[in-house]
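# Coordinate inspection notes
Now for the letters of each chain:
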Amino acid sequence: MRKNILSLLDQIRAIAAEGLEYAKDNYDIERYKKLMEIAAGEYSEAAGIPQNKIEKELKKEIGCITPKLGIDIAITNKEGKLLILKRTDDSKWGVPCGWANIGEKPLETAVREAKEETNILIKPLGYIAITAKGPDDYPKLAHQIDILVATEPVGKETKVKLNHEHSDYKWIGKKETNSIDWHPGHKRLKKPIFEFVKNGKYIPHFE
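Presented here is an overview of the structure given in this document. (Residues numbered from 1 in each chain as written. Predicted model: local features only at pLDDT ≥ 70, side-chain atom pairs only at ≥ 80, totals over all residues. Heavy atoms only, no water.)

### Re the pattern of salt bridges
On inspection of all chains with the given rule, the structure shows ten salt bridges. With its nearest N and O atoms 3.0 Å apart, the salt bridge here joins Arg112 to Glu113. A relative accessible area of 7% places Glu113 in the buried class. (Salt bridge = Lys/Arg side-chain N within 4 Å of Asp/Glu carboxyl O. Buried < 20%, exposed > 50% of the residue type's maximum accessible area, 1.4 Å probe, protein only.)

### Side note on the packing of aromatic side chains
When we look at a pair of aromatic rings, we describe it by the centre distance and by the angle of the planes. The final tally for this structure, using the stated rule, is one aromatic pair. Seen from their ring centres, Phe196 and Tyr202 are 6.3 Å apart, and the 75 degrees between their planes marks the pair as edge-to-face. Overall, the relative accessible area of 7% leaves Phe196 in the buried class. Over the ring of Trp93 we find Lys170; its NZ or CZ atom is 4.6 Å from the centre of that ring. (Phe/Tyr/Trp six-rings, centres within 6.5 Å; stacked < 30°, edge-to-face > 60°. Lys NZ or Arg CZ within 6 Å of the ring centre and 35° of its normal.)

### Examining the packing of helix 2 (residues 26–47) against helix 3 (residues 51–58)
Remark: helix 2 packs on helix 3, axes separated minimally by 8 Å, with the N-to-C direction vectors making an angle of 125 degrees. Relative to helix 3, the element helix 2 lies oblique. As helix 2 packs across helix 3, the resulting crossing turns out to be right-handed. Contacts between helix 2 and helix 3 involve Met36, Glu37, Ala40, Gly41, Tyr43 and Ser44 from the first element and Gln51, Ile54, Glu55 and Leu58 from the second. When grouped by side-chain class, the residues that make up the contact of helix 2 with helix 3 number five nonpolar, three polar and two charged. (Axes fitted to C-alpha atoms, helices over the stretch in contact; angles between N-to-C directions. Helix = DSSP H or I, 4+ residues; strand = E, 2+ residues; numbered from the N terminus. Parallel < 35°, antiparallel > 145°, perpendicular 65-115°, else oblique. Left-handed = near helix turned anticlockwise from the far one by under 90°. Contact = heavy atoms within 4.5 Å. Nonpolar A, V, L, I, M, F, W, Y, C, P; charged D, E, K, R; others polar.)

### Observations concerning the environment of Pro67
Take Pro67: it is sitting in the loop between helix 3 and strand 1 (68–74). Taking C-alpha positions, Pro67 is 6.1 Å from Ile145, a pair spaced 78 residues apart along the chain. Here Pro67 is in contact with His143, Gln144 and Ile145, once residues within four sequence places are set aside.

Rendered as structure tokens:
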């Protein structure tokens, strides 16, 4: 139920933002402002964040509101194990990931994020899966679409150097995935990742 309410709030917020961007009639503008205020108030209660701060963040989004694009990166080694990182923001485990920048192709984002978070220079191959996440019981209120990127397996001797976003890392096999306390949305990635490890199939990238 809570997830459905947050999803509804996200839709209301999107309608309000688009209305405030394109509406010309003063009465319509006031209605859209009220919708934004209602959404911000409910967001505030759900997330425990002051309403004025929520409103400030929401007003940064202009025009048509669409899901943000996130890139998840499957870094595996030649032993068939997956690299996972322990996040500093919630102490949960997940694969390297990050938002795509404007002007970046998904594989370029994967290379950049992997280098920033692990200091590994990956060789991206293509795509394994597309997933959607949020809003739900998690501080990040944005609805997002995530692309899971396949990479060429790295050597066993590959060294990992973490940045400030993570406190620990480990390489895990398929049997170990059930005991991991996963970051929201990352638990479901284990199945397509280990299917890729097994059969090597992925969707290639085309320019």
